[in-house]
Amino acid sequence: MKWSNYFIPTLKEEPIGTEAVSHKLLLRAGLAHMLTSGVYSYLPLGLRVLSNIENVIREEMNKAGANELLLPSLHPMELWKRTGRDETLKDVMYSFEDGRKRSMCLGPTHEEIITDLVSNFVQSYRQLPVVLYQIQTKFRDELRPRFGIVRACEFIMKDAYSFDRDQAGMEKNYQKMYEAYQNIFKRLGLDVVITEADSGAMGGDVSHEFMVPAKIGEDKIMVNGKEEVAIELGHIFQLGTKYSKALGCEFLDENGKKHPIIMGCYGIGVSRVIAAVIEKHNDEKGIIWPKEVAPFDLEIIPLSGDDDAEITGLAQQLYKELTDKGLNVLVDDRNETAGRKFNDADLIGIPVRVVLGKKNLKEGKVEVKRRDGAESILVDKGSAVEAIIKQVV
RNA sequence: CGGGAAGUAGCGCAGUUGGCUAGCGUGCAUCGUUCGGGACGAUGAGGUCGCGGGUUCAAAUCCCGCCUUCCCGACCA
């Protein structure tokens, strides 16, 4: 990708009304833009990061045996009345009457919807277990949105639901999800602290939260004697039969006897993960993306203010060869000064930077530098591709 | 929803004891010189001073009401 063809509106100055480091960098690096309090647009670079996070989650969910689907955001209130959550979640629900005078809401979560769906198709123990998940926008009327995308009125969540015939089966799926979550956060470069938690409005007996200690946390946890604030990124619940009973989601056993399905649900605040990753991976110059999250694998910076044909040509050649090897490459081909390119590169935090400059090229060398390391290395132009790949991997 | 702070050019800010054509930095446009850490010069475009009302010869500035945003608290991925 050429920078000149890509929309990366970086900001030189700190945006007003930002406190958290991750919030400042989210906006300065051109990842997102606020439409109104608690509502954000994801710009091309931010969308790449979001997609990377989603894909890590997808891989681990699929590995754990869950199937992806997509549920609607627009719900009839009728379904929510059947579990009584039209009342318990009243304050956070965006609800309204539509043109046909139907009472509707925008989904703040999806237990009711998925349970209703499964009840339509599952009748027998032979069809169980079923584990489904989606990655979708949730709507919550937050009175106080916070720290940019950390607590927003519209945010992206991965929510999975398991349906089993008995407690043992549900606990098995719960354990699989627990392990999948550990893998996900590890791959995303986050050290999570797992705590037993209160199930709150979700219901059920057992639940665990996946927390990342960070300054902008909204929850207080004990890290195993000291109190720390942390961001809640994931929460898994053993729901039991609360929703299946209320919505008639039942199956027949071997003896033709009817039972409510035993459920579990498993959420990750996907958009919130971006903030957590930035919060944990930055320095005074900008973001330092972990490999799996980074919007590009590497950035090539040709310093060819005078339209130097050798530098421009080498940039094109490296771009092609590295792209052919399957890497995502960003080339800062803008007609900007070196200082500006370097500062923007540090800000957007691509893991590896390759600088093509006159002085080094005279010696037949190009510079390769990792964003997370201080020392740059000089490599022969001829063997640059191999040397660069070594740094990326 | 309680407490605090703030709204002036795309962005960051100054101006607020009422007074001339509302200013600075940055960004943007054009031209020239630059080109390894946010370069320099010249010219230029860009404003319902958050909104509405009031006081006054005169309001960005004073008064009243409202809106919006951020931070702390209570509540949730």
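Residues numbered from 1 in each chain as written. Chains lettered and ligands numbered in written order. Predicted model: local features only at pLDDT ≥ 70, side-chain atom pairs only at ≥ 80, totals over all residues.

### Some thoughts on the overall build of chain A
Looking only at helices and strands, one finds twelve helices and 22 strands in chain A. In terms of overall dimensions, chain A has a C-alpha envelope of 80 × 50 × 45 Å along the principal axes. In chain A, buried positions account for 41% of the 393 residues. (Helix = DSSP H or I, 4+ residues; strand = E, 2+ residues; numbered from the N terminus. Buried ≥ 20, exposed ≤ 12 C-beta atoms within 10 Å, placed from the backbone.)

### A short note on the packing of helix α2 (residues 44–63) against helix α6 (residues 167–187)
A pair of packed helices is characterised by two quantities: the angle between their axes and the separation of those axes. Where α2 contacts α6, the axes come no closer than 9 Å and their chain directions differ by 155°. Between α2 and α6, the angle falls in the class roughly antiparallel. Judged by the sense of rotation from one axis to the other, the crossing of α2 with α6 is right-handed. Mapping the contact onto sequence places Val56, Ile57, Glu60, Met61 and Lys63 in α2 and Ala180, Asn183, Ile184 and Arg187 in α6. (Axes fitted to C-alpha atoms, helices over the stretch in contact; angles between N-to-C directions. Parallel < 35°, antiparallel > 145°, perpendicular 65-115°, else oblique. Left-handed = near helix turned anticlockwise from the far one by under 90°. Contact = placed C-beta atoms within 7 Å.)

### Details of the sheet that holds strand β20 (residues 352–356)
Read from one edge of the open sheet, five strands run β19-β18-β20-β21-β22, paired in mixed fashion. Strands at the two margins of the open sheet, each flanked by one partner only, are β19 (329–331) and β22 (376–380). Averaged over all pairs of adjacent strands, the angle between strand axes in this sheet comes to 25°, irrespective of strand direction. Sheet topology note: the β20/strand β21 (residues 365–370) ladder contains four bridges and is antiparallel. Looking at the pairing, valine 352 lines up with arginine 370 of β21. Here helix α9 (residues 309–324) sits on the sheet in contact with β18 (298–302), β19 and β20, set at roughly 165° to β18. (Pairing = 2+ DSSP bridges.)

### Comments concerning the packing of helix α1 (residues 21–28) against helix α8 (residues 270–280)
Running from N to C, α1 and α8 point in directions that differ by 105°, and their axes come no closer than 8 Å. Between α1 and α8, the angle falls in the class roughly perpendicular. Each of Val21, Ser22, Leu25 and Leu26 in α1 lies in contact with α8, whose residues at this interface are Ala275, Ile278 and Glu279. A breakdown of the residues in the contact of α1 with α8 according to their chemical character gives five nonpolar, one polar and one charged. (Nonpolar A, V, L, I, M, F, W, Y, C, P; charged D, E, K, R; others polar.)

### Side note on the pairing of strand β10 (residues 206–213)
Looking at chain direction, strand β9 (residues 193–196) and β10 are connected through four bridges and run antiparallel. In the strand pairing of β10, threonine 195 is matched with glutamate 209. Note: β10 against strand β12 (residues 227–240), eight bridges, orientation antiparallel. Paired with histidine 208 across the strands is isoleucine 236, a residue of β12.

### Quick word on unusual backbone geometry
Residues leucine 128 and proline 129 are joined by a peptide bond in cis, for which omega reads 0°. Residue position: proline 129 is located in the loop between α5 (111–121) and β7 (130–139).

### Quick notes on the sheet that holds strand β5 (residues 94–97)
Where strands meet in a sheet, backbone hydrogen bonds hold them as pairs that are either parallel or antiparallel. Across the sheet, which stays open at both edges, the three strands sit in the order β4-β6-β5 with antiparallel pairing between neighbours. Here the strands that pair on one side only, and so sit at the sheet edges, are β4 (74–76) and β5. Put simply, the sheet's adjacent strands are angled 30° from each other on average, direction ignored. Where β4 meets strand β6 (residues 103–106), three bridges bridge the pair, whose relative direction is antiparallel. Residue pairing for β6: leucine 74 is matched across the bridge by leucine 106.

### Brief notes about the pairing of β20
Buried residues dominate β20, accounting for five of its five residues. Side chains Val352, Val354 and Leu356 of β20 all project onto a buried face; the interleaved residues Arg353 and Val355 project onto the opposite face, where all are buried too. When β18 meets β20, the two strands line up parallel, connected through five bridges. Residue pairing for β20: proline 302 is matched across the bridge by leucine 356.

### Quick notes on the nonpolar core
Proteins that are soluble and globular tend to have nonpolar side chains buried together. Counting 103 residues, the largest nonpolar core has Ile300 and Val354 as the members making the most contacts within it. Each of domain 1 (3–283) and domain 2 (298–392) accounts for three or more of the residues forming this core. Apart from the residues lying within four places of it in its own chain, the contact partners of valine 354 are Leu298, Ile300, Ile301, Leu318, Val366, Glu367, Val368 and Ile388. (Core = buried A, V, L, I, M, F, W, Y, C linked by C-beta atoms within 7 Å. Domains from an automatic or database assignment.)

### Things to note about the environment of glutamine 316
With respect to the helices and strands, the residue glutamine 316 is situated in helix α9. A residue is classified by how many C-beta atoms lie within 10 Å of it, and glutamine 316, with 15 of them, is partly exposed.

### Here's the deal with the domain arrangement of chain A
Each assigned domain of chain A is listed here: domain 1 (3–283) and domain 2 (298–392). Here domain 1 and domain 2 have C-alpha centroids that lie 39 Å from each other. Between domain 1 and domain 2, the contact holds seven residues from the first and eight residues from the second. Residue composition of the side of domain 1 that touches domain 2, grouped by class: four nonpolar, two polar and one charged.

### Examining α9
When the terminal C-alpha atoms of α9 are compared, their 22 Å separation across 16 residues agrees well with the 22 Å that a helix rising 1.5 Å per residue should span. Listing the buried residues of α9 in full gives Leu314, Ala315, Leu318, Tyr319 and Leu322. Down the axis, α9 shows its buried residues gathered within 135° of arc, on one side only. Turned more than 90 degrees away from the buried face of α9 sit Ala309, Lys320 and Asp324, all of them exposed. The elements touched by buried residues of α9 are β18, β19, β20 and α12 (384–392). (Expected span 1.5 Å × (residues − 1). Arc of directions from axis to C-beta.)

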